[in-house]
Amino acid sequence: MSKDVISIPISKEAIPKLQPFDQELDAFLDRFVMEAQKRGIKIDSLHKLVSLNYVDKLSTTDDPAVIAICKRFYTSETSLEGFEIETEFIKWLSIEVSRPAITSFLRSAPTDTAENLKFLILTHEFIHCLFNVLHADKGLMYTSISSTTPWGNDADSVSQILDSTFTREYLEGIPVAN
Ligand SMILES: [Zn+2]
């Protein structure tokens with residue numbers, strides 16, 4: 001029994017207003033950066049993340065099964081001397097977590113599992129946004145999860161899942177987002 005977790009809309013919008021990050025989610029982000037660094041993976045796009053917050057309703061989908069989204073805000077430049085070259089730059093990133101969806105998803109999990117699951121869901125989303133990638137056919141970046149067997153074997157601990165996620169081989173194998 002699995003659920004589609006996350007969609008990745010691409011958005012061409014004005015630069016969003018900077019908002020203070022939700023404290024709980026910000027702590028997950030700190031842990032994400034630390035766990036990545038511990039395994040030799042550097043995150044160099046943190047400055048692009050301008051919002052990390054819970055919402056009552058996701059801004060880009062009505063699907064109640066979607067827990068979180070990474071929004072990408074583009075600007076483009078057109079150039080040059082008769083050639084039409086349009087280059088898009090990702091300027092800003094914003095993460096929304098649906099409070100009703102995540103609450104409902106975690107309801108049946110024991111508290112310690114729920115905290116771990118929540119961290120893994122956020123890690124999945126941070127990787128979408130901060131590494132600019134889509135979904136993989138296995139592992140943490142697989143498209144959907146179940147609350148009983150999140151991303152792999154029952155027996156896998158969070159640190160085992162992170163070990164297999166934060167490797168260059170795994171991260172470079174995920175299709176890049178346009
Ligand atoms: Zn996803």
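On a predicted model such as this, the values are computed, not experimentally measured, just so you know.

Student: In this structure, what is going on with the overall build of the protein chain? I would like to understand it.
Tutor: From N to C terminus, the protein chain includes five helices and seven strands. Counting only residues that meet the buried cut, the protein chain has 25% of its 178 residues in that class. Restricting to contacts in the protein chain with at least 6 residues of sequence separation, those with at least 24 account for 75%.

Student: Just to check I follow, could you spell out the nonpolar core for this structure?
Tutor: The tendency in soluble globular proteins is for nonpolar side chains to be buried as a group. Membership of the largest hydrophobic core comes to 29 residues, with the highest contact counts inside it found for Phe-32, Ile-67, Ala-68, Ile-95, Phe-126 and Cys-129. Secondary structure elements with two or more residues in this core: helix H1 (23-38), strand S5 (68-79), strand S6 (85-98), helix H2 (99-106), helix H3 (111-131) and helix H4 (158-165). Per-element accounting of this core gives the leading share, seven residues, to H3. Sequence-distant contacts of Ile-95, that is, excluding residues within four places in its chain, are made with Ser-51, Leu-52, Ala-68, Cys-70, Glu-125 and Cys-129.

Student: In this structure, what is going on with the packing of H1 against H3? I would like to understand it.
Tutor: Each pair of packed helices gets described by two things: the angle between the helix axes and the distance between those axes. Where H1 contacts H3, the two axes come as close as 10 Å, and the packing angle between them is 70°. Judged on the interaxial angle alone, H3 and H1 are roughly perpendicular. Residues Leu-25, Phe-28, Leu-29, Arg-31 and Phe-32 of H1 touch H3, and the partners they reach there are Phe-119, Leu-122, Thr-123 and Phe-126. For the contact of H1 with H3, the per-class residue count stands at seven nonpolar, one polar and one charged.

Student: Which parts of the structure should I look at to understand the confidence of the model for the protein chain?
Tutor: Predicted coordinates in areas of low pLDDT are best not read in detail. Per-residue pLDDT for the protein chain averages 81, and the proportion of residues at 70 or more is 75%. Confidence, read as mean pLDDT per element, is least for strand S1 (residues 3-4) in the protein chain (46) and greatest for H1 (97). Below pLDDT 50 for its whole length, residues 1-5 participates in 19 contacts with residues either more than four positions away or in separate chains.

Student: Is there a simple way to think about unusual backbone geometry in this case?
Tutor: If a residue is not glycine, its phi is most likely negative; likewise, a peptide bond is most likely trans. Its identity as a non-glycine residue notwithstanding, Asn-132 has a phi of 55°, on the positive side. The topology assignment puts Asn-132 in the loop between H3 and strand S7 (144-145). Judged by the 18 C-beta atoms lying within 10 Å of it, Asn-132 falls in the partly exposed class.

Student: How should I be thinking about H4 in this particular structure?
Tutor: Of all the residues in H4, the buried ones are Ile-161, Leu-162 and Thr-165. What you see down the axis of H4 is that its buried residues fit within an arc of 100°, all on one side. Among the exposed residues of H4, those pointing more than 90 degrees away from its buried face are Ser-159 and Gln-160. Where H4 is buried, its residues touch H1, H3 and helix H5 (168-172).

Student: When you look at the environment of Ala-136 in this model, what are you seeing that I'm missing?
Tutor: Tracing the chain through its elements places Ala-136 in the loop between H3 and S7. A sequence separation of 38 residues divides Ala-136 from Ile-174, and the C-alpha atoms of the two residues are 5.2 Å apart.

Student: Mind showing me how you'd approach the environment of Asp-56 here?
Tutor: By the element assignment, Asp-56 lies in the loop between strand S4 (49-55) and S5. Residue classification places Asp-56 among the exposed positions, given that 7 C-beta atoms sit within 10 Å. Separated by 42 residues in sequence, Asp-56 and Ser-98 place their C-alpha atoms 5.8 Å apart. In contact with Asp-56, not counting residues within four places along its chain, are Arg-99 and Pro-100.

Rules and cut-offs
Residues numbered from 1 in each chain as written. Predicted model: local features only at pLDDT ≥ 70, side-chain atom pairs only at ≥ 80, totals over all residues. Helix = DSSP H or I, 4+ residues; strand = E, 2+ residues; numbered from the N terminus. Buried ≥ 20, exposed ≤ 12 C-beta atoms within 10 Å, placed from the backbone. Contact = placed C-beta atoms within 7 Å. Core = buried A, V, L, I, M, F, W, Y, C linked by C-beta atoms within 7 Å. Axes fitted to C-alpha atoms, helices over the stretch in contact; angles between N-to-C directions. Parallel < 35°, antiparallel > 145°, perpendicular 65-115°, else oblique. Nonpolar A, V, L, I, M, F, W, Y, C, P; charged D, E, K, R; others polar. pLDDT = per-residue confidence, 0-100. Arc of directions from axis to C-beta.

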